[in-house]
Amino acid sequence: MPDYEEKMLVLLVEKYRKSKKDNGTGRINRRTKIKPADLYKGYNRNDGDLEQINAINEAADKCRQKGFLTFEMQGFGNEIAAIYLSDEKIEETEFYLTEHYGYESKHEKMEQIKRILEKYSGHSPVADLECAKLQASLDRNVVPKDYKQTEDVLKALIFIEGNERLLYVREASMLIYGNSKYLEENTLDAVCSLLRKFWERPCKDNEIPDEILSDYQIVKEKQKICLKGNIALVKSGNVLDLGEFRSGIEFYADELEEIQRITVRDGRLITVENKTSYMRCREADTAYFYLGGYANRFQRDFLKKIYEDNPGIAYWHFGDIDAGGFYIHENLCKITGIPFGLYRMSAEELQDPRYEGCLLRLSDNDRKRLRALAEHEAYREVVQYMVSRNVKLEQEIVSYYSA
């Protein structure tokens, strides 16, 4: 059961700190209010959990005795109608939350932002623009959203703008954060977007955002193309028969320009989202292309070349049966122009008793993303099943039993 004392006080404090009243711009002095249903949705329902309802009432009474809040009761019964923060106790309430629950008060957050500004201002032109935004928020007595993420972005901007050595992206990430993957996984998109905006360098056709890093002598590791099946590549006038390689081949994408023709002798080509499934898949009359998530520029161009050279075969995509898997499929069709079908990504797989023990529950974010996908006919049936049964499935178990 949640700690309703903490949850109640945090909701009230956060609501107060985000209000115009706290910033000194409010004209009407409204009381800071929440309702018990903000804490537990079933509070006012006849079938609500009595234990949770009583816990909320007890927490409210406990906080009232400490002077942190007041509340109003319904005209009948023992239910609370509304809970109000004692505004004059805001700092005392924050101190209590900090002492008992490790809460960060608005004052502490503002002090952290001041330290960020002292540390990162004056080192690079792009970083200085971001620092100016933080300062503007401080001047308005507002805590900027994601200011901790902004600090990570500032670290990267200052390092990148001052770099004078040839580095790979993961080397740069180690030097900035002490973690080889942190830059790519957390801040790369934001950093490249800011650099492009400052230097007025929007992406050209076929250009990806992070290519601007090459201006600062930072480059990504070479991308690989990974495929297997009864395929023949004509490269620099020579024919390479991939059918001789049972597990397929990998080669660096910078060799794409030397490939003159791709002949797929199998009847279909399947793009595969995850590496384990790609390694496991081995069906007759089928060629496979490892995607690894959203297609990058090199994969897109290679797939377009395959389609151009082999318009008569069938094209399918095999991925996780979740919102991410469907969005990868949607993006793949859009950027390649190839009408990929969905391979083993239907309600039928979700109903298969072999996979029952591997079904996962949907998160709130899953449901939100699936609702948007339900508008597309290609996904509607399986998405409706997923939402109604509260299930999703990773593709590795499907490929295991399909091999």
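Please read these numbers as outputs of a predicted model, since none were measured by experiment.

Draft legend 1. Structural view of the packing of helix 14 (residues 364-373) against helix 15 (residues 377-389). Two numbers describe how helix 14 lies on helix 15: the axes approach to 9 Å, and their chain directions differ by 150 degrees. With respect to their mutual orientation, helix 14 and helix 15 come out roughly antiparallel. Between helix 14 and helix 15 the crossing geometry is left-handed. Within the contact between the two elements, helix 14 uses Arg-367, Leu-370 and Leu-373 and helix 15 uses Tyr-379, Val-383, Met-386 and Val-387. Its residues assigned to classes, the contact of helix 14 with helix 15 comprises 6 nonpolar, no polar and 1 charged.

Draft legend 2. Highlighting the nonpolar core. Within the largest apolar cluster, 33 residues are counted, with the highest numbers of intra-cluster contacts made by Leu-157, Ile-160, Leu-195 and Leu-213. Those elements that provide at least two residues to this core are helix 5 (106-120), helix 6 (125-139), helix 7 (147-162), helix 8 (169-177) and helix 9 (182-198). Ranked by the residues each element gives to this core, the list is headed by helix 7, at 8 residues. The contacts of Leu-195, once residues within four sequence positions are left out, are Val-126, Leu-157, Ile-160, Glu-161, Ile-212, Leu-213 and Tyr-216. Core analysis: the second largest hydrophobic core is formed by 28 residues, Tyr-327, Tyr-355, Leu-362 and Val-382 among them.

Draft legend 3. Expanded view of the side chain of Gln-299. With respect to the element layout, Gln-299 can be found in helix 11 (residues 297-309). The exposure class of Gln-299 is buried, given its relative accessible area of 5%. When sequence neighbours within four positions are dropped, the list of residues in contact with Gln-299 reads Ile-225, Phe-289, Tyr-290, Leu-291 and Tyr-294.

Draft legend 4. View of unusual backbone geometry. One non-glycine residue, Glu-200, lies in positive phi territory at about 55 degrees. Its location among the elements puts Glu-200 in the loop between helix 9 and strand 5 (218-219). Residue Glu-200 is classed as exposed on the basis of its relative accessible area, which comes to 68%. In the Ramachandran plot, Gln-217 falls in the positive-phi region, its phi being about 65 degrees despite a non-glycine side chain. Inspection of the secondary structure puts Gln-217 in the loop between helix 9 and strand 5. On the basis of relative accessible area, Gln-217 is assigned to the partly exposed category, the value being 34%.

Conventions adopted
Residues numbered from 1 in each chain as written. Predicted model: local features only at pLDDT ≥ 70, side-chain atom pairs only at ≥ 80, totals over all residues. Heavy atoms only, no water. Axes fitted to C-alpha atoms, helices over the stretch in contact; angles between N-to-C directions. Helix = DSSP H or I, 4+ residues; strand = E, 2+ residues; numbered from the N terminus. Parallel < 35°, antiparallel > 145°, perpendicular 65-115°, else oblique. Left-handed = near helix turned anticlockwise from the far one by under 90°. Contact = heavy atoms within 4.5 Å. Nonpolar A, V, L, I, M, F, W, Y, C, P; charged D, E, K, R; others polar. Core = buried A, V, L, I, M, F, W, Y, C linked by side-chain atoms within 4.5 Å. Buried < 20%, exposed > 50% of the residue type's maximum accessible area, 1.4 Å probe, protein only.

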